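In case you want the letters, here they are:
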Amino acid sequence: MKKAAELLPRFLRRTGRVCPAQCALVGVSGGIDSVVLLDLLQRAGFPRLVVAHFHHGLRGKAADRDEKFVRQLATAAGARFACGRGRARARAAKNKESLEEAARELRRRFFARAAAKHAATTIFLAHHAGDAAETLLFHLARGAGRRGLGSLRGEAPLENSSATIVRPLFGFTRAEITAYARARKLAWREDTSNASRKFTRNRLRRDVLPALAKAVGFDPAPALARTAEILAAEEEWIGSLVAQEARLRQLDLPSLRSKPLAHQRRLLRAWLEARTGTSVDFETIEAARQLALSAGQPAKLNLPQGRHLRRRAGKLFVEGA
């Protein structure tokens, strides 16, 4: 393990593209990862930080104490404090989401509002190599492609915001973060829900990754995080190859049929998402591809929100778009 004192130079390399003079949000839950992130940002010379904390309405008085703790951290750091509140359990029930999904969506919306209010161009989040590894394994188990496997990125735009999310701890393991916090004598809050195997991420963290480490003889988290970053960059590049075609109102069937399988899938996904405004799963892409390749009936495929994909006169188009 690298010494705690060595983490700052590595951290600086990962924040080198962010201008310290600009206002930046830093998401702080009060846990060890975000407390270390705040400490490193202060040491790295970011004077215009806004400490952003979100109360999910899930853990009662413990969450209230987290909010108070983070508020005190912000005061000690001389930073502004932004706090948001939500009802993750109610949202999950209403939208038929998992509690994790609901909490994440509420939190991201809060960050977008806070960034706009404070004119912040960057939102620093404390995801580390272990988080990237868990995300990759979760999506791998679901049969995802590059987009899913590299979905937790070191740098990515925040949806419905002009701010960019930056995760400078991606190159750090949990062991390194813990060693740094202890060496710096930092205080943090423990979230007892992190010990529960009720949540998928916790099972991956506590069961799957240790078993994988035992099987291969080393901690795989840094390598998996690196893989996620490679796939994310490749996903962005490959997406650019079909971007122009995806803007067309109709696809030419002879042209589509002449392309390699991977190109067909990539183009159909980008084109359908552009025409429908919704995410498209693999089954829908394959059904659309079969419709495009076929010369017989049926020549229609039902899409979400009352839309239809049709094949006619050598063209593929979406009705209702």
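Below you will find a few notes about this structure.

Each value, and the rule that gives it
- Residues numbered from 1 in each chain as written.
- Predicted model: local features only at pLDDT ≥ 70, side-chain atom pairs only at ≥ 80, totals over all residues.
- Heavy atoms only, no water.
- Axes fitted to C-alpha atoms, helices over the stretch in contact; angles between N-to-C directions.
- Helix = DSSP H or I, 4+ residues; strand = E, 2+ residues; numbered from the N terminus.
- Parallel < 35°, antiparallel > 145°, perpendicular 65-115°, else oblique.
- Left-handed = near helix turned anticlockwise from the far one by under 90°.
- Contact = heavy atoms within 4.5 Å.
- Buried < 20%, exposed > 50% of the residue type's maximum accessible area, 1.4 Å probe, protein only.
- Salt bridge = Lys/Arg side-chain N within 4 Å of Asp/Glu carboxyl O.
- Pairing = 2+ DSSP bridges.

1. Describing the packing of helix α12 (residues 261-276) against helix α13 (residues 282-293)
Piece 1. Closest axis-to-axis distance for the α12/α13 pair is 10 Å, and the angle between their directions is 110°. When the axis of α12 is compared with that of α13, the two are roughly perpendicular. Seen from above, α12 lies across α13 with right-handed handedness. Taken together, the residues of α13 that come into contact with α12 (itself represented by Leu261, Gln264, Arg265, Leu268, Arg269 and Leu272) are Phe282, Ile285, Glu286, Ala288, Arg289 and Leu293.

2. Concerning unusual backbone geometry
Piece 1. Of note, Lys96 is a non-glycine position whose phi angle comes to about 55°, a positive value.
Piece 2. Along the chain, the position of Lys96 falls in the loop between α4 (88-95) and α5 (99-118).
Piece 3. On the basis of relative accessibility, which here comes to 80%, the residue Lys96 falls in the exposed class.
Piece 4. Positioned with a positive phi, Asn160 is a non-glycine residue whose angle comes to about 60°.
Piece 5. Within the fold, Asn160 resides in the loop between β5 (155-157) and β6 (164-166).
Piece 6. Note on Asn160: relative accessible area 74%, which makes it exposed.

3. Focus on the pattern of salt bridges
Piece 1. For the structure shown, the criterion picks out 22 salt bridges.
Piece 2. A salt bridge links Glu155 to Arg17, with the nearest nitrogen and oxygen atoms 3.8 Å apart. One end of the pair, Glu155, is in strand β5; the other, Arg17, is in the loop between α1 (7-14) and β1 (24-27), and 138 residues separate them in sequence.
Piece 3. What makes Arg17 exposed here is its relative accessible area of 75%.
Piece 4. For Arg109, the salt bridge goes to Glu105, with nearest N and O atoms at 3.0 Å. Linking Arg109 with Glu105, this pair stays in helix α5, spanning 4 residues, or about one helical turn.
Piece 5. For Glu105, a relative accessible area of 26% translates into the label partly exposed.
Piece 6. Beyond isolated ion pairs, a larger network of salt bridges with shared partners links Asp64, Glu67, Arg71 and Arg85.

4. Some details on the sheet that holds strand β9 (residues 308-312)
Piece 1. One open sheet holds the 4 strands; their spatial order is β7-β10-β9-β8, and the pairing between them is antiparallel. In this open sheet, the two strands that pair with only one neighbour each are β7 (251-252) and β8 (300-302).
Piece 2. Across 2 bridges, the pairing between β7 and strand β10 (residues 315-319) is antiparallel. Within β10, the residue paired with Leu251 across the bridge is Leu316.
Piece 3. α12 contacts β7, β9 and β10 of the sheet and is inclined by roughly 30° relative to β10.

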